[in-house]
Amino acid sequence: MPTPPDPSVLYPDVAACGSLAAALRTEADGCLGAVPVTSPDFAPLRHAAVASTLPHREPLAISAWSHERRWSIRGEEPFQSMALIDGRTDDLAEVARAARAWHDGAPLDDIRQAAPFVHLTGRFEVPDNDPARLTESEWQGKRQEAAELEYAWRETYHKLVEAAHAEPALRVLYPFTSHWALRFSTTTRPNLTVVGPCLSANSDGTYGVGRGFISQDLGQFATAQEAVAVAVRQLPSGLGPTTLGGYPARQTTRSTAQQRTAPYLANGAT
């Protein structure tokens, strides 16, 4: 990949303001008002953060792409650091509108209405960190992610996620993926407790079940329902309700969160 240009080349207007935070205020035409907007000292032209009035929202992370003129956002909940919203746009005014709605505590659907580039991940807010609701939220996120994939194997993977969600014994477990293999935990993030086998969707349209990561030692099956049935039979007995996975060892503060960058950036963003 070629070396990216200096940010001031792609973003001369931001450079003229001195920081992305200052440029947001200028572009917003007063919409941000007294809303806290900051940029880190290490990359003021490329990053900014907008705090929220809600304690169960991290500051909205805003990042400029490195190879083309575009911005990405990511809005997380603090307990698991999972994205509730994300998105990308070449319109900084839209970013400002999304930031204002995030700061004001607007419902997620209303944030998208204020700034249509915003993508809702499917997860919903769980202010009290109830583990059952966090599990439900993560399943909703996984189902939406599977439905939105653009890969050739999207249909096979989507069928797998839907079949697993339809099974009550798996639906009460916390779902997570690793290299697109579907796995389960008896605890939520941030500290997962893996249980049961691993389910995978193969490129030939079959489904694998294995005891280990991306293993298919328990067999390959023609349908997602068959694979899920085998996985359920492999679950240990006596599993109780999903519990919280413990708090992060290092609590993220508002000041450090403002310096974090969105980890999902692609297409030239770093």
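Residues numbered from 1 in each chain as written. Predicted model: local features only at pLDDT ≥ 70, side-chain atom pairs only at ≥ 80, totals over all residues. Heavy atoms only, no water.

A. Spotlight on the overall build of the protein chain. A tally of helices and strands in the protein chain yields 10 helices and 11 strands. Against the globule reference of 18 Å for 270 residues, the protein chain gives a C-alpha radius of gyration of 21 Å, in line with a compact fold. Along the three orthogonal principal directions, the C-alpha set of the protein chain runs to about 60 × 40 × 35 Å. Expressed as a percentage of the 270 residues in the protein chain, the buried residues total 49%. For the protein chain, the proportion of contacts with a sequence separation of at least 24, taken over those separated by at least 6, is 51%. Looking at the protein chain as shown, the accessible area adds up to about 12500 Å², and 51% of this sits on carbon and sulfur atoms. Side chains of the protein chain give 24 positive and 30 negative charges; the mean places of these two sets differ by 3 Å. (Helix = DSSP H or I, 4+ residues; strand = E, 2+ residues; numbered from the N terminus. Rg over C-alpha atoms; globule rule 2.2 N^0.38 Å. Buried < 20%, exposed > 50% of the residue type's maximum accessible area, 1.4 Å probe, protein only. Contact = heavy atoms within 4.5 Å. Areas by Shrake-Rupley, 256 points an atom, 1.4 Å probe, with all protein chains shown as cover. Lys, Arg positive; Asp, Glu negative; His and termini not counted. Charge placed at Lys NZ, Arg CZ, Asp CG, Glu CD.)

B. Examining the environment of Ala 15 more closely. Mapped onto the elements, Ala 15 comes out in helix H2 (residues 12–17). The class of Ala 15 is partly exposed, set by a relative accessible area of 30%. Through-space distance from the C-alpha of Ala 15 to that of Leu 45 is 6.4 Å; in sequence the pair is 30 residues apart. Excluding residues within four positions of it along the chain, Ala 15 makes contact with Ser 8 and Leu 45.

C. Just the sheet that holds strand E8 (residues 181–185), in detail. Spatial ordering of the open sheet is given by E7-E8-E9-E10-E11, a layout of 5 strands whose pairing is antiparallel. Unpaired on one side and paired on the other, strand E7 (174–178) and strand E11 (220–221) mark the two borders of the sheet. Two elements, strand E9 (residues 194–201) and strand E10 (residues 207–210), share 4 bridges in a ladder whose sense is antiparallel. Across the sheet, the residue bridging to Ala 201 is Tyr 207, located in E10. Sitting on the sheet, helix H6 (residues 131–148) is in contact with E7 and E8, with an inclination near 40° to E7. Contacts from helix H9 (residues 224–233) reach E9, E10 and E11 within the one sheet, and its direction differs from that of E10 by about 10°. (Pairing = 2+ DSSP bridges. Axes fitted to C-alpha atoms, helices over the stretch in contact; angles between N-to-C directions.)

D. The nonpolar core, seen in detail. Leu 24, Ile 62, Ile 73, Ile 85, Ile 111 and Val 118 are the most contacted members of the largest nonpolar core, which has 36 residues in total. Among the elements of the structure, helix H3 (20–27), strand E2 (47–50), strand E3 (60–64), strand E4 (71–76), strand E5 (83–89), helix H4 (92–104), helix H5 (108–114) and strand E6 (118–120) are those that each provide at least two residues to this core. Among the elements that line this core, the one with the most residues is H4, at 7 residues. Those residues in contact with Leu 24, other than ones at most four positions away along the chain, are Leu 32, Val 37, Ala 48, Ile 62, Leu 92, Val 95 and Ala 96. Counting 24 residues, the second largest nonpolar core, distinct from the first, contains Phe 184, Leu 218, Val 228 and Leu 235. (Core = buried A, V, L, I, M, F, W, Y, C linked by side-chain atoms within 4.5 Å.)

E. Here's a closer look at H3. Residues of H3 that are buried: Leu 20, Ala 21, Ala 23 and Leu 24. Along the long axis of H3, the arc covered by the buried residues comes to 165°, so they all point the same way. Tucked inside the fold, the buried residues of H3 contact H2, strand E1 (37–38), E2, E3, E4 and H4. Immediately downstream of H3, the backbone of Asp 29 shows phi near 55°, a positive value. (Arc of directions from axis to C-beta.)

F. Region of the structure containing the sheet that holds E4. Taking strand neighbours across the sheet as the criterion, the 6 strands line up as E1-E2-E3-E4-E5-E6 in an open arrangement whose pairing is antiparallel. Taken across any chain shown, the strands that pair with only one partner, and hence form the sheet edges, are E1 and E6. Bridging between E1 and E2 involves 2 bridges; their strand directions are antiparallel. Across the sheet, the residue bridging to Thr 38 is Ala 49, located in E2. On top of the sheet, H4 reaches E2, E3, E4, E5 and E6; it is set at about 10° to E4, its chief contact.

G. How the structure looks around the environment of Arg 57. Looking at the secondary structure, you find Arg 57 in the loop between E2 and E3. Put simply, Arg 57 and Trp 102 are 45 residues apart on the chain and 8.4 Å apart in space, counted from C-alpha to C-alpha. A polar contact of 3.0 Å, which involves the side chain of Arg 57, links it to the backbone oxygen of Trp 102. (Polar contact = N/O pair within 3.5 Å; in protein donor to acceptor, adjacent residues only side chain to side chain.)

H. Region of interest: the packing of aromatic side chains. Scanning the model with the defined rule gives 7 aromatic pairs in all. Residues Tyr 151 and Trp 180 carry aromatic rings whose centres are separated by 6.1 Å and whose planes lie at 70° to one another, so their mutual orientation is edge-to-face. In this pair, Tyr 151 sits in the loop between H6 and helix H7 (154–166) while Trp 180 sits in the loop between E7 and E8, placing the two residues 29 residues apart along the sequence. By relative accessible area, Tyr 151 is classed as partly exposed at 46%. (Phe/Tyr/Trp six-rings, centres within 6.5 Å; stacked < 30°, edge-to-face > 60°.)

Take it as geometry only, folks, not as evidence of what the structure does.
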